[in-house]
Amino acid sequence: MDRNFLFLITALALAAWTRPAAAQIVPEGQHVRLTAEYEYVSNSSRQDKYDTQEWQVRRFAVLTATLKAGKPSEIPVLHKMEANKKAEIDGRMAAGQRAAKTMQPTMADMMAIASKCGEDEACMEREVTAYANKNRDAINQTREKVAPDFSAAAKQGKVRYQYWIATGEQRGRYDIAEKVSMRDADPICASHQGKRCRREESRIGSGQMIMPPDIGPKDPRRAGNAMFEIDSSAKDIMLILPIPLMTMAVKETINTDHPSQKSGESNLEIMFPPAIARQTIIVALKGTTMEQSGTKTIKINGASNNPRVLESSAPEDGTLTIRWHMKPL
């Protein structure tokens, strides 16, 4: 059998050789543990000519997710593809399409032989050998014609990216403690001390985070939505941190002497962290391992300039601190 011919018809199916990966590109399937802490703190007050409001707020949540390394690649998933890389890949795809078109008649003949012989290996070898001997000149011409395009299509760029996805089950816990004190100069409060009604609010809750009711024990969504991608050339990491999959239960207690308001307790659900925290983080890689960490601080602007002091409640004008850490498993 003509071995060069066999190489020609099978080469497109062979796995491409890739260059050695840079540091922080690891074998496919390895795992890291990614932990994210969200802490919001606001202790302040605001007032106008008549009314006052004071508050002390702390909301805290910590989440842990496990992420698995995908196959290293020259093409990004989260990072933006550079224009020159896109042009290079488009050129390789075009070369591959030209090579496939050039080889189409030969491949059609091979498919006909495969259909004729089925699972009979002796038949396959006999028919392919006969075909190669009969069409040697045409095969050599096809090889020479397709060689430049095949070489261009098979060329591989530098492996620089690795995309990681969440696996297993995300876990988390939270702790929320809020106190709000208001003094209201409503005319209906004229008989009260200082001619002010009072309203004291507290919201307290803590515990383990739970899964949404529609996510069953074997649902892959239990892994959460965390993901990240390493760019070993730019030496950065594009990171989407784990976030709670459900709201957090708190008990609200209200004590007031305002005639038109009621004291009492109720159960509330709080969504935390706020949407502004759910953004992609891009940071420089540190060192040469997958153990990475970082901190991000976000100022939350409340309604402290709202002329109607009693219209908005805590939290107001606080600071959200995000701390994250990943460690190889």
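A quick note: this is a predicted structure, and the numbers were derived from the prediction, not measured.

We now examine unusual backbone geometry. Cis geometry marks the peptide bond from F272 to P273, where omega comes out at 0 degrees. Its location among the elements puts P273 in the loop between β8 (264–270) and β9 (281–284). In this structure, K235 is a non-glycine residue whose phi angle is positive, near 55 degrees. Within the secondary structure layout, K235 lies in the loop between β5 (227–231) and β6 (236–240). Residue class for K235 comes out exposed when judged on its relative accessible area of 53%.

With the rule as written, the count across this model stands at 19 salt bridges. Across the pair R203 and E178 runs a salt bridge whose closest N-O atoms are separated by 2.8 Å. Of this pair, R203 sits in strand β4 (residues 197–208) while E178 sits in strand β3 (residues 161–184); the two residues are 25 residues apart in sequence, bridging distant segments of the chain. As far as the burial class goes, R203 and E178 line up, both buried. Here E200 makes a salt bridge to R183, at a shortest N to O gap of 3.0 Å. Note that E200 is positioned in strand β4 and R183 in strand β3, a separation of 17 residues in sequence. Residue E200 is classed as partly exposed on the basis of its relative accessible area of 25%. Under the relative-accessibility criterion, R183 is labelled partly exposed at 30%. Through salt bridges with shared partners, a single ionic network connects R59, E178, R199, E201, R203 and E252.

On to the side chain of E229. Residue placement: E229 occurs in strand β5. For the buried E229, which has no salt bridge, the nearest side chain bearing the opposite charge is R160, at an N-O separation of 8.5 Å. Of the polar contacts made by the side chain of E229, one reaches the backbone nitrogen of V77; its length is 2.5 Å. Not counting residues within four places of it along the chain, the set of residues in contact with E229 comprises P76, V77, L78, H79, Y161, Q162, Y163, D236, I237 and M238.

Let us now look at the nonpolar core. The biggest cluster of nonpolar side chains holds 41 residues, and the ones touching the most others in it are Y38, W164, F228, L241 and L320. Looking at this core, the elements that each hand over two or more residues are β1 (31–47), β2 (52–69), β3, β5, β6, β7 (248–256), β10 (292–300) and β11 (318–328). Among residues more than four places away in sequence, those in contact with F228 are V32, L67, L78, Q162, Y163, W164, I237, M238, L239, M290 and M326. Core analysis: the second largest hydrophobic core is formed by eight residues, M110, I113, C117 and Y131 among them.

Definitions and limits used
- Residues numbered from 1 in each chain as written.
- Predicted model: local features only at pLDDT ≥ 70, side-chain atom pairs only at ≥ 80, totals over all residues.
- Heavy atoms only, no water.
- Helix = DSSP H or I, 4+ residues; strand = E, 2+ residues; numbered from the N terminus.
- Buried < 20%, exposed > 50% of the residue type's maximum accessible area, 1.4 Å probe, protein only.
- Salt bridge = Lys/Arg side-chain N within 4 Å of Asp/Glu carboxyl O.
- Lys, Arg positive; Asp, Glu negative; His and termini not counted.
- Polar contact = N/O pair within 3.5 Å; in protein donor to acceptor, adjacent residues only side chain to side chain.
- Contact = heavy atoms within 4.5 Å.
- Core = buried A, V, L, I, M, F, W, Y, C linked by side-chain atoms within 4.5 Å.

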